[in-house]
Amino acid sequence: MNEQFFPFKKIRKEQQNIIDEINKNLDKRYIIIEAGTGTGKSGIAIAAALSDGNGYVITDSLQLQDQYMSDFGGVSIANLKGKNNYRCTDNPKFSCEFGKCSVNSKVLANCIRNGLCPYLEARKKALGSNIFLTNYAYIILASEVEGLLKPRGDLIFDEAHLLENHLTEFCTLSLNVDDLEKTYSIMSEASQDEEKFLFRDIDSFNGDYTNFVSTLYLVCSRKFTKEKEAFEKEEKDLMSGNENDQELAAMLAEGHKKFYQFEKIIDNMNNYLSNPTSSNWIIDTKDNTLSIRPLKVDWVFKDYLDKLATEHIYFMSATILDKDDFCYSLGINPDEALFIREESSFDPDKSPIYGVCTCRTDYKSLQDSSNMQKVAEAVKYILNILIYAICGGFLG
C-alpha cells in the first residue's frame, strides 16, 4: 500500500501498524482487518483502493456513504445509491425508479444523450471515478447484471461482519401459494393436478419440499414468460402517442418492478433446486408459508462478488472475531487470507464493553419462545444501562 495515497496528513500509530502488515503480505488476495472503533479504517480503505489503481468501497448504509463523502470528497470518489434516492428531472414527484425513461426507450435515450437523469449521471460518474462508493444492497443486485460492473483493483467491504447477512437475505425465499396467486395469478398456468398439489397444506409434505418447490417453479416460470410478453406488448401500445404522460409511465414502471420481484423469486427457487440437500438450507414452515434460507452463502460471494477485484479484497470491521469462521462463511481459503487485529486507541475504561451472553440471536434460536424470553431480558438489561447513564434511574 502506497502511503502517499493516505487521505490525511498524519498516519496514526494503529493505522501505520495495519499498513505495515499489509505491505509485508501483498501476495494475499484477501485481507481481513479487525480494528476497533476510532482506529481509522475508512482512511485505510481509501489508501488501499488508490494504491491498486481503483476500487469499490462498500458500506452498510446510505448514512455511511454520506459520511465517506463528507470525509473524503476531495479525492477521486463518487457515491452511488439506489434509483429511488434520486428525483426524476422531468417530474420530481417521482423517483428515478418510476421515471418516464424506465418504460420508454426513446425518453431513456434522450436522458442519456443529454445527461438529464440524476441517477444515470451518478452511475456514470461512479463508473468513471477511481473509487466507486456504494452499499451492500446495490453491489449485490448490480453484480447480477452482466457487464454493468467491471473488475477493479480492489473490492473493500466496510462493516464486513454484515456481509454474510446481506448475502443471506439476497437468497432467502418465502413461498406462500395463496400470496403468489393473489399477486401474480399463477394458477392460470397450472394444470388441475399441479393446482391441487400446490394448495396442499405445507406441513403435509413432511419435511420433503423439493417436489413442491419444483412444481411451483415450473408454474411460476410459465406465468412469468407469458405475462412478461403480454405486458411488454401492452406497454408499447399504451405509450404510443402518450410519451409525455408521466402518470402512465409511473404505472408501467411499477409493473416493471413487479416483474423484477417475481423473477427474483423464480431465480431463488432455481438456486434452491440446484442443490436442495437439507444440510445446505434452513427450512421453516409457519402459517402455510415455506421459508428457505441458505445455510452458507459462499457460492453467492464467489459467483457474484469475488470476480469484481483483480488485486485484493478487503474486509474491515470492529467485530470479525474469528478468521477461520469468517473465511469458511465466504468460501475463502484461509491460506490466501491475511488477518490483522488492531485494538482501538480509545481508553477501554472510559468506554467499557458489557457482555450479554444469556441468549442466542441466530435465526433458528429466534423461533424458540424460551430463548426469546432471554432475549427480552437481555434487551431490558441493555436499556437499564442506557437509562441509568442518561437519567440516573432504572426500569422496573
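Residues numbered from 1 in each chain as written. Predicted model: local features only at pLDDT ≥ 70, side-chain atom pairs only at ≥ 80, totals over all residues. Heavy atoms only, no water.

A. View of the overall build of the protein. When you go through the protein residue by residue, the secondary structure sums to 14 helices and ten strands. Among the 396 residues that make up the protein, the fraction classed as buried is 41%. Considering only contacts in the protein between residues 6 or more positions apart, those separated by 24 or more positions represent 72%. Of the roughly 21,200 Å² of accessible surface on the protein, 50% is carried by carbon and sulfur atoms. (Helix = DSSP H or I, 4+ residues; strand = E, 2+ residues; numbered from the N terminus. Buried < 20%, exposed > 50% of the residue type's maximum accessible area, 1.4 Å probe, protein only. Contact = heavy atoms within 4.5 Å. Areas by Shrake-Rupley, 256 points an atom, 1.4 Å probe, with all protein chains shown as cover.)

B. Focus on the sheet that holds strand S3 (residues 77-79). Strand order across the open sheet formed by seven strands is S3-S4-S2-S5-S9-S1-S10, with parallel pairing between neighbours. This sheet does not close on itself; its edge strands, each paired only once, are S3 and strand S10 (337-342). Neighbour to neighbour, the strand axes of the sheet diverge by 20° on average, direction disregarded. Note: strand S1 (residues 30-35) against strand S9 (residues 309-317), five bridges, orientation parallel. Opposite Ile31, over in S9, you have Tyr314 as the bridge partner. Packing against the sheet, helix H3 (residues 62-72) makes contact with strand S2 (55-59), S3, strand S4 (131-135), strand S5 (152-158) and S9, and its axis sits at approximately 155° to S4. (Pairing = 2+ DSSP bridges. Axes fitted to C-alpha atoms, helices over the stretch in contact; angles between N-to-C directions.)

C. Structural detail: the nonpolar core. Among the nonpolar cores identified, the biggest contains 45 residues, and Leu155, Phe157, Leu163, Leu167, Phe301, Leu305 and Phe315 are the most heavily contacted of them. Top contributing element to this core by residue count: helix H6 (residues 136-142), with five residues. Discounting chain neighbours no more than four positions away, the residues touching Phe157 are Ile58, Tyr136, Leu163, Phe301, Leu305, Ile313, Tyr314, Phe315 and Met316. (Core = buried A, V, L, I, M, F, W, Y, C linked by side-chain atoms within 4.5 Å.)

D. Just the sheet that holds strand S8 (residues 289-294), in detail. Pairing in this open sheet of three strands is antiparallel, and the strands run S6-S8-S7 from one edge to the other. At either margin of the open sheet sits one strand with a lone partner, and together these are strand S6 (173-175) and strand S7 (281-286). Each neighbouring strand pair of the sheet contributes to a mean axis angle of 15°, computed without reference to strand direction. Bridge count for S6 against S8 is three bridges, and the pairing is antiparallel. In the sheet register, Leu175 faces S8, and the bridge partner there is Leu290. Across the sheet, helix H7 (residues 163-171) is in contact with S6 and S8; its angle to S8 comes to roughly 140°.

E. Inspection of the packing of aromatic side chains at higher detail. Scanning the entire structure with this criterion turns up 15 aromatic pairs. Pairing Phe205 with Phe212 gives two aromatic rings, centres 5.2 Å apart and planes at 50°, and the pair type is tilted. On the basis of relative accessible area, Phe205 is assigned to the buried category, the value being 8%. A network of ring pairs unites the aromatic residues Tyr136, Phe157, Phe301, Phe315 and Phe326 as a single cluster. (Phe/Tyr/Trp six-rings, centres within 6.5 Å; stacked < 30°, edge-to-face > 60°.)

F. Inspection of the environment of Leu127 at higher detail. Structurally, Leu127 is set in helix H5 (residues 118-128). Spatially, the C-alpha atom of Leu127 lies 8.5 Å from that of Lys150, the residues being 23 residues apart in sequence.

G. Seen up close, the pattern of salt bridges. Taken as a whole and judged by the stated rule, the model has ten salt bridges. For Arg222, the salt bridge goes to Glu194, with nearest N and O atoms at 2.7 Å. Within this pair, whereas Arg222 is found in helix H10 (residues 210-239), its partner Glu194 is found in helix H9 (residues 192-198), the two being separated by 28 residues in sequence. Overlapping salt bridges bring together Arg29, Lys302 and Asp306 as one network. (Salt bridge = Lys/Arg side-chain N within 4 Å of Asp/Glu carboxyl O.)

H. Broad picture of a nonpolar patch on the surface. On the surface, Val379, Tyr381, Ile382, Leu383, Leu386 and Ile390 cluster together to form a nonpolar patch covering roughly 560 Å² of accessible area. With respect to the secondary-structure elements, Leu383 resides in helix H14 (residues 369-391). Looking at Leu383, the relative accessible area reads 38%, which means it is partly exposed. (Patch = residues over 30% accessible without salt bridge, like charges linked within 9 Å, V, L, I, M, F, W, Y side chains within 5 Å.)

I. Up close: the pairing of S5. Counting buried positions along S5 yields seven of seven residues, so the element is predominantly enclosed. By the bridge criterion, four bridges tie S2 to S5 in an arrangement that is parallel. Across the sheet, Gly55 pairs through a bridge with Asp154, a residue of S5.

J. Quick look at unusual backbone geometry. Phi is positive for Glu159, close to 55°, though the residue is something other than glycine. Residue position: Glu159 is located in the loop between S5 and H7. The class for Glu159 is partly exposed, based on a relative accessible area of 27%. Positive phi, close to 60°, is recorded for Asn288, a residue that is not glycine. Within the fold, Asn288 resides in the loop between S7 and S8.

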